[in-house]
Amino acid sequence: NMIKKILRTSLGRAAVYTFGHILIAMFVVKGITGSDWVEAGTVALVEPAINGVWYYILDKVITKYAHI
């Protein structure tokens, strides 16, 4: 029930998306650059966090105008 409540909101979907994006980015940065996990994690936080905000805005606009 808690997960369904979270996923019913734009903020909840944005948070889940951002968390997954950060994990994916960490593995990609580590794999491509060979950096350690701390460095990969630091780099991986910036871009996904910005994308998370973008996703939240996009989801709010789509929800408002598409009547989803």
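These numbers come from a predicted model, not from an experiment.

A. Just helix 2 (residues 10–33), in detail. For helix 2, with 24 residues, the first-to-last C-alpha span of 33 Å sits near the 34 Å given by 1.5 Å per residue. Burial in helix 2 covers these residues: S10, G12, A14, T18, H21, I22, A25 and V29. On its buried face, helix 2 is in contact with helix 1 (2–7) and helix 3 (37–66). One or two steps after helix 2, the chain reaches G34, where phi turns positive at roughly 75 degrees.

B. How the structure looks around helix 3. Over its 30 residues, helix 3 runs 40 Å from end to end, which matches the ideal 44 Å to within 8%, given 1.5 Å per residue. The principal kink in helix 3, of about 25 degrees, is found at L45, preceding the proline P48 by one to four residues. Within the span of helix 3, buried status applies to A40, G41, A44, P48, G52 and D59. The inward-facing, buried residues of helix 3 contact helix 2. The backbone nitrogen of V38 has a side-chain oxygen 3.0 Å away, supplied by the residue at the start of helix 3, namely D36. Downstream of helix 3 by one or two residues, H67 has phi in the positive range, about 55 degrees.

C. Highlighting the environment of T9. Relative to the helices and strands, T9 resides in the loop between helix 1 and helix 2. Its relative accessible area of 36% is what places T9 among the partly exposed residues.

D. Local environment of the packing of aromatic side chains. Per the counting criterion, the structure on display carries two aromatic pairs. Ring centres of Y17 and Y55 lie 5.1 Å apart, and the angle between their planes is 20 degrees; on these two criteria the pair is classed as stacked. Of this pair, Y17 sits in helix 2 while Y55 is found in helix 3, placing the two residues 38 residues apart along the sequence. A relative accessible area of 34% means that Y17 is categorised as partly exposed.

E. Focus on the environment of D36. With respect to the helices, strands and loops of the structure, D36 is situated in the loop between helix 2 and helix 3. Separated by 32 residues in sequence, D36 and K4 have C-alpha atoms that sit 35 Å apart. Engagement of the side chain of D36 in a polar contact is seen with the backbone nitrogen of V38, the distance being 3.0 Å.

Rules used in this analysis
Residues numbered from 1 in each chain as written. Predicted model: local features only at pLDDT ≥ 70, side-chain atom pairs only at ≥ 80, totals over all residues. Heavy atoms only, no water. Helix = DSSP H or I, 4+ residues; strand = E, 2+ residues; numbered from the N terminus. Expected span 1.5 Å × (residues − 1). Buried < 20%, exposed > 50% of the residue type's maximum accessible area, 1.4 Å probe, protein only. Contact = heavy atoms within 4.5 Å. Bend = angle between axes of the 7 residues up to and from the residue. Polar contact = N/O pair within 3.5 Å; in protein donor to acceptor, adjacent residues only side chain to side chain. Phe/Tyr/Trp six-rings, centres within 6.5 Å; stacked < 30°, edge-to-face > 60°.

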